[in-house]
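Summary of the model geometry
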Amino acid sequence: MADLLLSALVSTVVGNLNTSALQQFGVAWGLGAELDNLKSTMTSIQSVLQDAEEKQWNTRAIRDWLGKLKDVARDADNVLDEFATEALMRKVEREKGATSQVSRFFSLRNRLIFRLKMARELKNVRDRLDAISRERSEFHLSEGVINTEVVDVQRRKTCSLVKESVVYGRDEEKEKVIEVLLTNVSAQDNLAIYAIWGMGGLGKTTLAQLVYNDARVKSHFELRIWVCVSDDFQIIRLVRAIIESIDGSGRDLLELDPLQQRLQEKLRGRRFLLVLDDVWNEKHEEWDCLKHMLTCGAKGSMLIVTTRIETIARMMATVLPIHHMGFLSDDDSWSLFKGRAFGMGRVEEKSELEAIGKEIVKKCGGVPLAIKALGSLMSLKSRKSDWESVEKSQIWDLDLPIGKDSILLALKLSYNHLPPHLRQCFAFCCVYPKDHDLEMNKLIQLWMANGFIPFKEPSESYDFGVDIFNELVWRSFFQDVKEEQPGYITCKMHDLMHDLAQSIMSHECLAVESGKDVKVAGRIIHMSFDWNSSQAFSLNEDLCKVRSLHSCLGTYDRKASLPFFLKQKYLRVLDFRSVVQEVPRSINNLKHLRYLDMSRSKIKVFPESTTCLLNLQTLKLDNCYSLCKLPNGMKHMKNLMYLGITNCHSLTHMPKGMGQLTCLQSLSIFIVGQKNGYQVSELKGLNLRNKFGLAGGQ
């Protein structure tokens, strides 16, 4: 189901070609004609993209055509980024003068060679695009008018936290589960286990949350614990997660025995409720090991397990019968759908849409996740013809039994109706593992770094990113939104949504897991590494050949692989926390870098040469306890928007002239000095969003 989504990428390339800075630079270097030719070809292709993307699922030839086009468009994007970076370097060179670090770096280049190289690369891209453009006539693609301007996300009068106020059709089930919890007194190992099972998207987690947060349950149990298990049933990880859920401790323990002792200290003699959400592991011995650790609470302690797999429910449950989640009734399905589709409006006022809506609801098969996604989609459509188009979509023609595949069709239909940049932002999130907490601010920083947020002024990009986040929440692509502390907002993706995103990005995203073979298929653009494992891994032959990465995430404690990351010429995102004692010199070659996270590393000095990273938007150095110096020339890093230096206790002063960073919006702390250029007055012209701390320096 890999979705060869090109609209957003091509719009980005055309937008770059339209910038005045690039046009002026092209003329100055005698490459104006090449840039104009490239723009003409890209605009011509852009006009048929919408039709091609809609037809790609029916015609393999169109899918292959889009695949070739995407490769060339990606290369065009990289070439144009080189141009923009070169122009930025020349501008900084003029500002800093001949003795600057950037000037020395820049003067090493042979400018004539650079011009010839760029001319050759531009011509190569345009020739390939011309050949691809000529092929389109074979597919009878209709030319449409594709607006190259950004279509703004519909702004809603809501806060950033979208909560479901009503859960339909589960009241009786909720009361039944609560009755079991409150009336059961375990006579077996002081622990009774109740299982909830059913297919994905039915609301098992929602039901467990309703029970978990009920006032009667809160008062009945001395201790309540919630742990999301997913497909990573590692005993050490789960025991640590249970302890952390109790009181936040346990992170310092690495071995199973001390973890078990700590866990039993916390549970012994207390009546507790533990929810293990989304269990996939079918190995009896691992479950028996965990169960043995938990049988130390007071009588009446309960464990609720949610799972999609009946054999797991039967293996784990001691309280019978097992609770089997059913589909929503027709009435409850319609109530959920119309609440989303019509909002506060009266359905009677849209009677012509009601009959069509009920047909759409039938196709969702009583699955709440699919109903909410399509209900949110229809809330944005007011014309009868638009509703009929969804109801009669060809995607429903695949006659699949109710199950995961049929639900994915409904979710895919909702995805297809997203604006291109929303599709891009959502699909990228599969670079994270299932059930990972997605932090809103970090997501927005990563979207900006990868160019997913359409052309906006730096001051507007973050706000637009928040709109994108909220829209994906409203449409049920994100869920479980929480504000754990002011400004720190997280969410999750339902695992079926994660499956959808993975199916779309299967040829561009690669998750490297320790102990598993890595197979590279397609042109990998984004890569992540096993977030929960501390085991070492090796880069196989296929992986070592990858040279097209834009994102490397989760590289925590993977020092041996740094040379691989630093060879990625067009890298825009690099996250390698806690692995280095000094900044590698070759990081200067990553001139396209927009996002750099070196938090918790042991570096003492962030060297002057890093001011060559002129595209950098986000720099995270939090908890670098040994860091004592930032580069003096940081004021020239004009694109910097976020600087994190929380808990950098050895840092005694800020670089001079921080007020010149006119794009800076977030600064965790400012160390005040006595001399001009180091005082707090430096910040008076900046539009800082967040609260920041002040500290006295030298």
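Model, not experiment: these values are computed from the prediction.

This part is about the overall build of the protein chain. Of regular secondary structure, the protein chain possesses 25 helices and 18 strands. Looking at the 698 residues of the protein chain, the share that counts as buried comes to 54%. The long-range share in the protein chain, meaning contacts at least 24 apart out of those at least 6 apart in sequence, stands at 64%. Element-wise, carbon and sulfur atoms account for 47% of the exposed surface of the protein chain, whose accessible area totals about 31,100 Å².

For the rest of this paragraph, the subject is unusual backbone geometry. Here leucine 320 and proline 321 are connected by a cis peptide whose omega angle stands at 0°. Structurally, proline 321 can be placed in the loop between α14 (310–316) and β5 (323–324). Positive phi outside glycine occurs at aspartate 435, with the angle close to 65°. Within the secondary structure layout, aspartate 435 lies in the loop between α20 (420–428) and β6 (438–439).

All right, on to the side chain of arginine 74 then. For arginine 74, the position within the fold is in helix α5 (residues 60–96). For arginine 74, a relative accessible area of 9% translates into the label buried. Beyond its immediate stretch of four places on either side in the chain, arginine 74 contacts Leu9, Glu508, Arg523, Ile525 and His550.

This model, assessed by the stated rule, comprises 29 salt bridges. Note that arginine 216 and glutamate 175 form a salt bridge whose closest N and O atoms lie 3.0 Å from each other. Of the two residues, arginine 216 sits in helix α10 (residues 215–220) while glutamate 175 sits in helix α8 (residues 171–183), which places them 41 residues apart along the sequence. Among the residues examined, glutamate 175 registers a relative accessible area of 37% and is labelled partly exposed. Of the charged contacts in the structure, one is a salt bridge between aspartate 575 and lysine 442, with a shortest N-O distance of 3.7 Å. Residue aspartate 575 is found in strand β12 (residues 573–575), and its partner lysine 442 is found in helix α21 (residues 440–449); the two are separated by 133 residues along the sequence. When sorted by exposure, aspartate 575 lands in the same class as lysine 442, which is buried. Bridged by salt links that share partners, the residues Asp71, Asp75, Arg128 and Arg523 form one connected network.

According to the stated counting rule, one finds 10 aromatic pairs in the structure shown. The interplanar angle of 55° and the centroid separation of 6.0 Å between the aromatic rings of tyrosine 415 and phenylalanine 426 together place this pair among those described as tilted. Highlighted residues: tyrosine 415 in helix α19 (residues 404–416) and phenylalanine 426 in helix α20, separated in sequence by 11 residues. Look at phenylalanine 426 and you get buried, because its relative accessible area is 0%. Their ring planes at 45° and their centres at 5.6 Å tell us that phenylalanine 469 and phenylalanine 478 sit as a pair that is tilted. Residue classification places phenylalanine 469 among the buried positions, given a relative accessible area of 0%. Counting every residue linked through ring pairs, the aromatic cluster contains Trp334, Phe337, Phe342 and Trp387. When the ring centre of tryptophan 334 is taken as origin, the NZ or CZ atom of lysine 358, which lies over that ring, is 5.4 Å away. Above the face of the tyrosine 642 ring, lysine 620 is positioned so that its terminal group lies 5.5 Å from the ring centre.

The exposure class assigned to arginine 216 is partly exposed, which follows from its relative accessible area of 36%. Beyond its immediate chain neighbours, meaning those up to four positions away, arginine 216 contacts Lys174, Glu175, Ile178 and Leu182. There is a polar contact of 3.0 Å between the side chain of arginine 216 and the side chain of glutamate 175.

The rules we used
- Residues numbered from 1 in each chain as written.
- Predicted model: local features only at pLDDT ≥ 70, side-chain atom pairs only at ≥ 80, totals over all residues.
- Heavy atoms only, no water.
- Helix = DSSP H or I, 4+ residues; strand = E, 2+ residues; numbered from the N terminus.
- Buried < 20%, exposed > 50% of the residue type's maximum accessible area, 1.4 Å probe, protein only.
- Contact = heavy atoms within 4.5 Å.
- Areas by Shrake-Rupley, 256 points an atom, 1.4 Å probe, with all protein chains shown as cover.
- Salt bridge = Lys/Arg side-chain N within 4 Å of Asp/Glu carboxyl O.
- Phe/Tyr/Trp six-rings, centres within 6.5 Å; stacked < 30°, edge-to-face > 60°.
- Lys NZ or Arg CZ within 6 Å of the ring centre and 35° of its normal.
- Polar contact = N/O pair within 3.5 Å; in protein donor to acceptor, adjacent residues only side chain to side chain.

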